[in-house]
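If you want the building blocks of each chain, they are given just below.
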Amino acid sequence: MKKYFYLFLLSLVFTCANDDETIVQTSTTNFPVITDQQDELLIPNTSYRINGSGFNQNTSSSYSVYFNTVEAEIIEVTEEYIEVLVPEDAISGDLILFIDSEEYHRSSILVFTEHFYVLASISDGFYTILEINILDGSVIQEITPSILGPTFYYLFNFDYSNTDQTFFFKTYWEEHTGMGGDIYYYHSYNSHNKITGSQFRDNNPEYPNAQYFTASNGDFYVHRTGSGVDNQIYHSNVSDGSTAEVIPNPNNFTELVMIYNPDANEMLGHGTSSGQFTRFSRFNIDTGEVFNTYSDVLRPKDFDYHNGRLFILNPSTLYETSPFDYNAIYSSVDMETNYDNSVRMLFSDSTNEIFIINFDDSTFHIKRINMSTMQIVSEYEVPTTYYYAYFTFGTN
């Protein structure tokens, strides 16, 4: 009796083994091993590869890929990867791979949705505004044709107003007034229509300008200085350069760099006061009333407010400080680089990161810092064909 029982069990084992083999042979889909790519940056309307091994290119219809809830177009399937087109409306969150309509793999993704705008030198004295891919430097679109001319020698500042989708920059022209002052031109180009918006001269050319202005929330503020005659801040009309109001210059600053704090109707200005060391001042944008003045300990290469936070980049360290007390340092990041004046600090809300970008020898040197952890997550270089460039982010 036992003999027959063992034979029965053995027959069951062989039957199950044969059934399992049949399932493997008739399966139409491989189950691949996915290689996660941490901190990789994705850009809408560009291709992205999900790397791994064991993909079945003969059954590509079995795969589907979603960016959160948005399905992506599959471009190609090989044994090593699935290549998809990042959807135009993709955002940071989850990338989900489905096999035969069943979720197979989920990973976190960072989708950079800001626009990287570059005011680039294309030949001696000629410039153009371009939107370029921040990962490889390829041109996404040309905002303007060749602009300016060979008589323009210097560019100062380059900013973008997300409020009215307008670029602002400033040029110096080799021309002199009766008082020997240099003439400056302000330019604005509308990014939506890609046409010239306006170009206007400094309304007070007899007072040579400092190099600095700020365009904040659709407002345009210019610091004018020269020979002790005029050293004020002008709230100007962006359409023709006419002055809306004059704001007293706090502490009689020269070479005043200003940033606007929208949460407090304040400016934070950095400049030289009475020939002494450079310093910071917080002041009311309407009255010029000074709230605080700080000695320059950090010596910034760039500084800016973002979402109620104040960030200051000195030659080798990024600091987060109190928006109302510049000496109160919350955190710092060793940048492992000694930056010069060509560095700029830009903010990406879509990835919750700070981009530290330095332009040198036709190359963008980029470091990404996570704003939550204040840690460097990535650094890379983007070569370009330009030998000089200003750059900024826009969200429209």
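Rules behind the numbers
- Residues numbered from 1 in each chain as written.
- Predicted model: local features only at pLDDT ≥ 70, side-chain atom pairs only at ≥ 80, totals over all residues.
- Heavy atoms only, no water.
- Helix = DSSP H or I, 4+ residues; strand = E, 2+ residues; numbered from the N terminus.
- Contact = heavy atoms within 4.5 Å.
- Core = buried A, V, L, I, M, F, W, Y, C linked by side-chain atoms within 4.5 Å.
- Buried < 20%, exposed > 50% of the residue type's maximum accessible area, 1.4 Å probe, protein only.
- Pairing = 2+ DSSP bridges.
- Axes fitted to C-alpha atoms, helices over the stretch in contact; angles between N-to-C directions.
- Salt bridge = Lys/Arg side-chain N within 4 Å of Asp/Glu carboxyl O.

J.: Outline the environment of G52, supporting the account with residue identities and numerical values.
T.: Mapped onto the secondary structure, G52 falls in strand β3 (residues 47-53). Non-local contacts of G52, meaning those with residues more than four positions away in its chain, are made with V33, I34, T35, E79 and E80.

J.: Can you lay out the nonpolar core for me, pointing to particular residues and giving the numbers?
T.: Counting residues in hydrophobic clusters, the biggest one holds 22 residues, and the most contacted among them are F116, I134, F355, I357 and F364. F355 has contacts with L41, F112, I134, R344, M345, L346, S348, I366, K367, R368, Y380 and F393, leaving out every residue within four places of it along the chain. Core analysis: the second largest hydrophobic core is formed by 19 residues, F55, V86, L97 and I99 among them.

J.: Let's hear about the sheet that holds strand β33 (residues 389-394): which residues, and what values?
T.: Taken in spatial order, the four strands make up an open sheet running β12-β11-β10-β33, and their pairing is antiparallel. This sheet does not close on itself; its edge strands, each paired only once, are β12 (139-142) and β33. Averaged over neighbouring strand pairs, the angle between their axes works out to 35° when direction is ignored. Taken together, the seven bridges between strand β10 (residues 115-123) and strand β11 (residues 126-132) define a ladder with antiparallel strand orientation. Opposite Y117, over in β11, you have E131 as the bridge partner.

J.: An account of the pattern of salt bridges is requested, with residue identities and associated values reported.
T.: The final tally for this structure, using the stated rule, is six salt bridges. Residue E266 is joined to R282 by a salt bridge in which the shortest nitrogen-to-oxygen separation is 2.9 Å. Taken together, the positions of E266 in strand β22 (residues 266-273) and R282 in strand β23 (residues 278-284) put the pair 16 residues apart, joining distant regions of the chain. Close ionic contact of R309 with E320 constitutes a salt bridge, the shortest N to O distance being 2.9 Å. Placement of R309 in strand β26 (residues 309-313) and of E320 in strand β27 (residues 317-322) is noted, with a sequence separation of eleven residues between them. Relative accessible area serves as the criterion here: at 22%, R309 is assigned to the partly exposed category. A relative accessible area of 10% places E320 in the buried class. When salt bridges that share partners are traced, they join D94, E103 and R106 into one network.

J.: Go over the sheet that holds strand β31 (residues 363-370) with me, naming the residues and quoting the values.
T.: The strand order across the open sheet built from four strands is β29-β30-β31-β32, with neighbouring strands paired in antiparallel fashion. Both outer strands of the open sheet, β29 (343-348) and β32 (375-383), are each paired with one neighbouring strand and no more. Across the sheet, the mean angle from the axis of one strand to that of its neighbour is 20°, orientation sign disregarded. In this structure, β29 lies alongside strand β30 (residues 353-359), joined through six bridges in antiparallel fashion.

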